[in-house]
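A closer look at the structure
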Amino acid sequence: MPADPAPDPGPPRPRVAVLGTAHPHLGDHLRALAGRAEVVAVHEGRRPWGGSGPHPGLRGVPVVPEASAALAGAHLALVCATTAEHPELLTAVARAGLPALVEKPLAAGLAETQELANRLAAAGTAVTTAMFLRCAPALRRARSLVADGRLGRLVACDAWFTHPGLLDGLFTGTGAAWMRDARWGARGAFADLGVHLVDLLRWLRPGAALRVRGAVLHPPLDGLPGDAGGTALLEWGAVPAALHAGWMSRPGGVRLRLEGTRGTLQVAGGELTLTTADGTLTETHRPPAAGDAMTAFLTGTGEPAGPPDAVACARVLEEIAEAAVRG
């Protein structure tokens, strides 16, 4: 009697090189990689927080001193270093000819972002910034409802992305303290989370211009440099839009409210509510999760946020910072 055929092992799993271990979302990306890809090497980067020992999700993975050595034999790269290291590490990725997912922002400011985007374009390197709000099911549904005209003509927008990280000590000690240090590419709390909101508006209504009309940024309670968050007022096409972002709101979270001539749409985490003259539609989806950016990157689903998107967001964030100073 012939032996049963061996089970089909399926396609080989992609091999991933991790460049940098400083970003707080590294664990989210590693969990998304589990079972889908093989992490073959890690280059830890400059480790501005001090300390030693591998990230718990990288135990057993070879640690190499050079980015080029980590990329050798890999199919793609995950860049979770400090923002200041992105140009150096993405240049190594470009030389290796690999696609990469990089934590936001692409670079520290507008000039640096434009320069790096030009370099990556010249090399033909496929880089995606981890704008995970594009992947959230409730926000994807919101985008389709806006495109279908279910809200009619939009008349107002409010968007929030906040958390209590500064209150809870996330940015002190050996955690993510580098995210408050301009030497490592930090740009403040509003820019850290507001970049997601700026990208969200651009993605919800492609082609609608964003113009900054004013901003107020709050100083941190501990008196250290930078901002702890704030609010910016923009024109989103002809729609006034208020963006709220920062590290001192409890409990925080992601929220969106769009008001139109036919209805109002609200998203809070994974909950979506559309209210019109015909009644109320309520849907429950998975809440936004940082690891969704890695899942979309691996599977090729969704609409990736490339370097041109990063440049556009950096320009708006720089105008917000300038408006806050004028104010």
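If you're wondering where the values come from, they're calculated on a predicted model, not measured in any experiment.

Let's talk about the environment of Arg 150
Among the secondary structure elements, Arg 150 is positioned in the loop between helix H5 (137-147) and strand E6 (154-162). Once the C-alpha coordinates of Arg 150 and Leu 265 are considered, the two residues, 115 residues apart in sequence, prove to be 9.2 Å apart.

Details of the pattern of salt bridges
For the structure on display, the rule yields 17 salt bridges. In this structure, Asp 192 and Lys 104 form a salt bridge, with 2.4 Å as the shortest nitrogen-oxygen distance. On the criterion of sequence distance, the pair formed by Asp 192 in helix H6 (residues 189-204) and Lys 104 in the loop between strand E4 (100-102) and helix H4 (110-123) is long-range, its members being 88 residues apart. Residue Asp 168 is joined to Arg 250 by a salt bridge in which the shortest nitrogen-to-oxygen separation is 3.0 Å. You can see Asp 168 sitting in the loop between E6 and H6 and its partner Arg 250 sitting in the loop between strand E9 (239-246) and strand E10 (253-260), a full 82 residues away along the chain. Asp 168 sits in the exposed class, given a relative accessible area of 51%. Exposure remark for Arg 250: the relative accessible area of 54% places this residue in the exposed category. Here the salt bridges share partners, and the residues they tie into one network are Arg 134, Asp 199, Arg 202 and Asp 309.

A few points about the nonpolar core
Counting 77 residues, the largest nonpolar core has Leu 78, Leu 139, Trp 236, Leu 258 and Ile 320 as its most contacted members. Filtering out sequence-adjacent residues up to four positions away, Trp 236 remains in contact with Leu 154, Cys 157, Leu 201, Leu 204, Arg 205, Ala 208, Ala 209, Leu 210, Ala 241 and Leu 258. If you look at the next biggest cluster of nonpolar residues, it comprises 30 residues, including Leu 71, Leu 90, Leu 106 and Val 127.

Observations regarding the packing of aromatic side chains
Tallied over the full model, the rule gives two aromatic pairs. Seen in terms of ring centroids, Phe 132 and Phe 161 are 6.2 Å apart; in terms of plane orientation they differ by 85°. Their pairing is edge-to-face. Pair noted here: Phe 132 is in the loop between strand E5 (127-129) and H5 and Phe 161 is in strand E6, with a separation of 29 residues, a long-range link. Residue classification places Phe 132 among the buried residues on the basis of a relative accessible area of 6%. Centre to centre, the rings of Phe 171 and Trp 247 are 3.8 Å apart; their planes meet at 20°, and the pair counts as stacked. With a gap of 76 residues between them, Phe 171 in the loop between E6 and H6 and Trp 247 in the loop between E9 and E10 connect regions that are remote in the sequence.

Quick look at the sheet that holds E4
Spatial strand order, E2-E1-E3-E4-E5: five strands in an open sheet with parallel pairing. The open sheet has two edge strands, strand E2 (38-43) and E5, and neither has a second partner. Between one strand axis and the next, the sheet turns by 20° as a mean value, whatever way the strands run. Alignment of E4 against E5, held across three bridges, turns out to be parallel. What sits directly across from Leu 101, in E5, is Thr 128.

Brief notes about the sheet that holds strand E13 (residues 279-284)
Taken in spatial order, the eight strands line up as E7-E8-E9-E6-E10-E11-E12-E13 in an open sheet, and their pairing is mixed. Single-partner strands in this sheet number two, and they are strand E7 (210-218) and E13. Across the sheet, the mean angle separating the axes of adjacent strands is 10° when strand polarity is ignored. The pairing of E7 with strand E8 (residues 229-236) spans eight bridges and is classified as antiparallel. Residue pairing across strands places Val 212 opposite Leu 234, the latter belonging to E8. Sheet strands touched by H6: E6, E7, E8, E9 and E10. Its angle to E9, the strand with the most contacts, is close to 145°.

Reading the values: the criteria
Residues numbered from 1 in each chain as written. Predicted model: local features only at pLDDT ≥ 70, side-chain atom pairs only at ≥ 80, totals over all residues. Heavy atoms only, no water. Helix = DSSP H or I, 4+ residues; strand = E, 2+ residues; numbered from the N terminus. Salt bridge = Lys/Arg side-chain N within 4 Å of Asp/Glu carboxyl O. Buried < 20%, exposed > 50% of the residue type's maximum accessible area, 1.4 Å probe, protein only. Core = buried A, V, L, I, M, F, W, Y, C linked by side-chain atoms within 4.5 Å. Contact = heavy atoms within 4.5 Å. Phe/Tyr/Trp six-rings, centres within 6.5 Å; stacked < 30°, edge-to-face > 60°. Pairing = 2+ DSSP bridges. Axes fitted to C-alpha atoms, helices over the stretch in contact; angles between N-to-C directions.

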